Amino acid sequence: GQSGQPAADSANAPAASVAQKVVLYDEDSNDPQGRRYVGSALWRTETVSPRPGLAPELAVRADIEIPERKLRMTWSLRRNTDKALPASHTIEIMFTLPADFPEGGIANVPGVLMKQNEQARGVPLAGLAVKVTNGYFLIGLSAVEADQQRNIQLLRERDWFDIPIVYTSGKRAILAMEKGTPGTRAFEEAFRAWGQ
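Quick caveat: nothing in here was measured; it's all calculated off a predicted structure.

### A short note on the packing of aromatic side chains
Applying the stated rule across the entire model yields 10 aromatic pairs. Between F95 and F137, the ring centres sit 6.1 Å apart and the planes meet at 85°, which makes this aromatic pair edge-to-face. Here F95 is found in strand β5 (residues 87–96), whereas its partner F137 is found in strand β10 (residues 136–142), with 42 residues between them in sequence. A single burial state applies to F95 and to F137, both of which are buried. The side chain of K179 reaches across the aromatic face of F187, ending 4.8 Å from its centre.

### Notes on the environment of A146
Within the element layout of this structure, A146 appears in helix α2 (residues 145–157). Look at A146 and you get exposed, because its relative accessible area is 57%. Each C-alpha atom of the pair A146 and A126 lies 9.9 Å from the other, and the pair is 20 residues apart in sequence.

### What to know about the nonpolar core
In this structure, W75, L77, I93 and I163 are the most contacted members of the largest nonpolar core, which totals 41 residues. Counting residues per element, this core draws most heavily on strand β3 (residues 57–66), at 5 residues. In this view, I163 contacts M73, W75, I93, V109, G111, V112, A173, I174, L175 and M177; residues no more than four positions away in its chain are not counted.

### Section: the pairing of β5
Most of β5 sits out of view: 8 of its 10 residues are buried. Where strand β4 (residues 71–79) lies against β5, 8 bridges are found, and the strand directions are antiparallel. The residue bridging R79 from the neighbouring strand is H89, located in β5. Sheet analysis places β5 next to β10, joined by 6 bridges and oriented antiparallel. Residue pairing for β10: I93 is matched across the bridge by F137.

### Brief notes about the pattern of salt bridges
Enumeration according to the criterion identifies 14 salt bridges in this entry. The partner of R44 in a salt bridge is D63, with the nearest N and O atoms 3.4 Å apart. In this pair, R44 is assigned in strand β2 (residues 31–48) and D63 in strand β3, connecting sequence segments 19 residues apart. Linked through salt bridges whose partners overlap, the residues forming this network are D26, R69, E103 and K171.

About the thresholds
- Residues numbered from 1 in each chain as written.
- Predicted model: local features only at pLDDT ≥ 70, side-chain atom pairs only at ≥ 80, totals over all residues.
- Heavy atoms only, no water.
- Phe/Tyr/Trp six-rings, centres within 6.5 Å; stacked < 30°, edge-to-face > 60°.
- Helix = DSSP H or I, 4+ residues; strand = E, 2+ residues; numbered from the N terminus.
- Buried < 20%, exposed > 50% of the residue type's maximum accessible area, 1.4 Å probe, protein only.
- Lys NZ or Arg CZ within 6 Å of the ring centre and 35° of its normal.
- Core = buried A, V, L, I, M, F, W, Y, C linked by side-chain atoms within 4.5 Å.
- Contact = heavy atoms within 4.5 Å.
- Pairing = 2+ DSSP bridges.
- Salt bridge = Lys/Arg side-chain N within 4 Å of Asp/Glu carboxyl O.

Written as structure tokens, this is what we have:
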């Protein structure tokens, strides 16, 4: 972990460091099921300033690794405090890929879906996804009241995320990740801090 953590935090450390399951499904022309790579997600909350000059805010973060693909990804959710941005929350997705990644890179992440379990069909969160820079995507969740309530409910109640990926090679993939107890705890803590 980070060296700047106060010692009082260490009581929560063992529970927080339990890895949850992540599965990357790569499209494969030879296999309708696709190729399956298993990895892990470490969930936590962190306090970060969204931008210089803005007050530090609690964010939910997952550090994801798919060892077989040498793929790393950071997923984070925070409340949006930027009045210029018409979003209730923002999800940041950042990929770190090896130089020789077979699919080139990540061309697009169209959105985020929530589902009950690994096999279930996902329900998309209402929002708009944009590619900020190479490997870095930002999803602004809809600020419309009805969308906002529904998004928060999905984020709180569903245990799995589906993140659709389009590689620069044109191939598609889905990254499914589990919240589990550590993830659920992180979301509860964040929504409580955000008064939601």
